[in-house]
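# Residue-level structural notes
These are the residues of each chain, in order.
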Amino acid sequence: MSNKKKHKILVLGVNGFIGNAIYKELYPYFRVFGTYATSSTVLEKNKQFFHYNHEEDDVVEILEATKPSIIISALRGNFATQTIAHQHISEYIKQNDCKIIFLSSANVFDAYKNYPSYELDKTLSSSIYGHFKIKIENMLMRLPKRKWAILRVPMVFGQGAPRIEEIKTYLKEKLPIEVFPNLIINVTTDDKLSQQIHYIINRNKSGIFHLGSTDLIHHDEFIKEIVTSLVVYNPIYKQVYTTNDDRYLAVLPKENLLPKNLQIESKDVLKMSIL
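To start, this report covers the structure provided alongside it. (Residues numbered from 1 in each chain as written. Predicted model: local features only at pLDDT ≥ 70, side-chain atom pairs only at ≥ 80, totals over all residues. Heavy atoms only, no water.)

Helices and strands together make up the secondary structure of the protein chain, namely ten helices and 14 strands. A compact globule built from 275 residues should have a C-alpha radius of gyration of about 19 Å, and the protein chain, at 19 Å, falls within 12% of that. Overall, the C-alpha framework of the protein chain stretches about 55 × 40 × 35 Å when taken along its three principal axes. Considering the protein chain as a whole, with its 275 residues, one finds that 51% of them fall into the buried category. Across the protein chain, the fraction of contacts at a sequence separation of at least 24, relative to all contacts at a separation of at least 6, is 76%. (Helix = DSSP H or I, 4+ residues; strand = E, 2+ residues; numbered from the N terminus. Rg over C-alpha atoms; globule rule 2.2 N^0.38 Å. Buried < 20%, exposed > 50% of the residue type's maximum accessible area, 1.4 Å probe, protein only. Contact = heavy atoms within 4.5 Å.)

The following block contains the structure:
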């Protein structure tokens, strides 16, 4: 029971695929609150959950109602209003005994091409999404280091993952599935990511974490393995070449290594996504 008293955790975006997995992992051990943007009777019945849409609502009201010691940000949607929300969260963290765990992305490195990225590499993005994540990262890094953990995450798979559901829809409708033959990535699952977050909370870790599989794989190879497990007929692929050479979009750890049992390989991600 000591942990239940130890932390009050607020998961922003608990109705998303990743936010939901984080909630399920943590709620047996801590007092966990969550916010959801899309109304549903199941969520509304849960007294631990608050309706919050960052395009319309002020996050400060939720922070004052829940008084969290840890905020986990798994928000999605409009970048401008997300940025304002994180500014308000930063102010709250400055003034309170509180820490943020921010789910960032491998896309903060999507302008780099020739090698995988490590925690202390300089961020550089050529996408709007990557730029947005860098902006939030930089904002949070101005807080005292003990008050933030930035988790850079690659493509997330797992049971019921949006990417898997999208592939199933494309197969059903006999539409071409996009693959990037020259893109080298690493991957993870919602469950493994949630376990890693649990560990970071328990050990009171802070700083930057790269939470992808320990090995790298070509995007087309990985997607084709998933598709092969789902269908018997020959699917249609649309090969997308952004460059003639291999390009990396992978985050590997060098500084903040997690224990062996919290690491994952791409073959495990595959298994856990297609059970």
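The next thing to look at is the packing of helix 2 (residues 17–26) against helix 8 (residues 190–202). Contact geometry of helix 2 with helix 8 gives a least axis separation of 9 Å together with a crossing angle of 50°. It follows from the interaxial angle that helix 2 and helix 8 lie oblique. Handedness of the helix 2/helix 8 crossing: right-handed. Contact residues: helix 2 offers Phe17, Ile18, Ala21, Ile22, Glu25 and Leu26, while helix 8 offers Asp190, Leu193, Ser194, Gln195, Ile197, His198 and Ile201. Each residue belonging to the contact of helix 2 with helix 8 can be placed in one class, and the counts come to eight nonpolar, three polar and two charged. (Axes fitted to C-alpha atoms, helices over the stretch in contact; angles between N-to-C directions. Parallel < 35°, antiparallel > 145°, perpendicular 65-115°, else oblique. Left-handed = near helix turned anticlockwise from the far one by under 90°. Nonpolar A, V, L, I, M, F, W, Y, C, P; charged D, E, K, R; others polar.)

Another point: the sheet that holds strand 14 (residues 247–249). Taken in spatial order, the three strands of this open sheet run 12-9-14, and their pairing is mixed. The two strands at the open ends of the sheet, each matched to only one other strand, are strand 12 (217–218) and strand 14. Pairing analysis gives two bridges linking strand 9 (residues 183–185) to strand 12, with the strands arranged antiparallel. Within the sheet, the bridge partner assigned to Ile185 lies in strand 12 and is Ile217. (Pairing = 2+ DSSP bridges.)

Quick look at helix 6 (residues 128–140) now. End to end, helix 6 covers 19 Å across 13 residues, agreeing with the expected 18 Å (1.5 Å per residue, within 8%). Looking only at helix 6, the buried set comprises Gly130, Phe132, Lys133, Ile134, Ile136, Glu137, Met139 and Leu140. Contacts made by the buried residues of helix 6 are with helix 5 (79–95), strand 5 (99–105) and strand 6 (148–153). (Expected span 1.5 Å × (residues − 1).)

Quick look at helix 5 now. What sets the pattern is the α-helix's 3.6 residues per turn: residues three or four places apart point alike. Taking 1.5 Å per residue, 17 residues should reach 24 Å; helix 5 reaches 25 Å between its end C-alpha atoms and fits that length. Measuring from the backbone nitrogen of Ala80 back to the side-chain oxygen at the start of helix 5 gives 2.8 Å, which picks out Asn78 as the cap. (Polar contact = N/O pair within 3.5 Å; in protein donor to acceptor, adjacent residues only side chain to side chain.)

Fair warning: the whole summary comes from geometry, so function is off the table for now.
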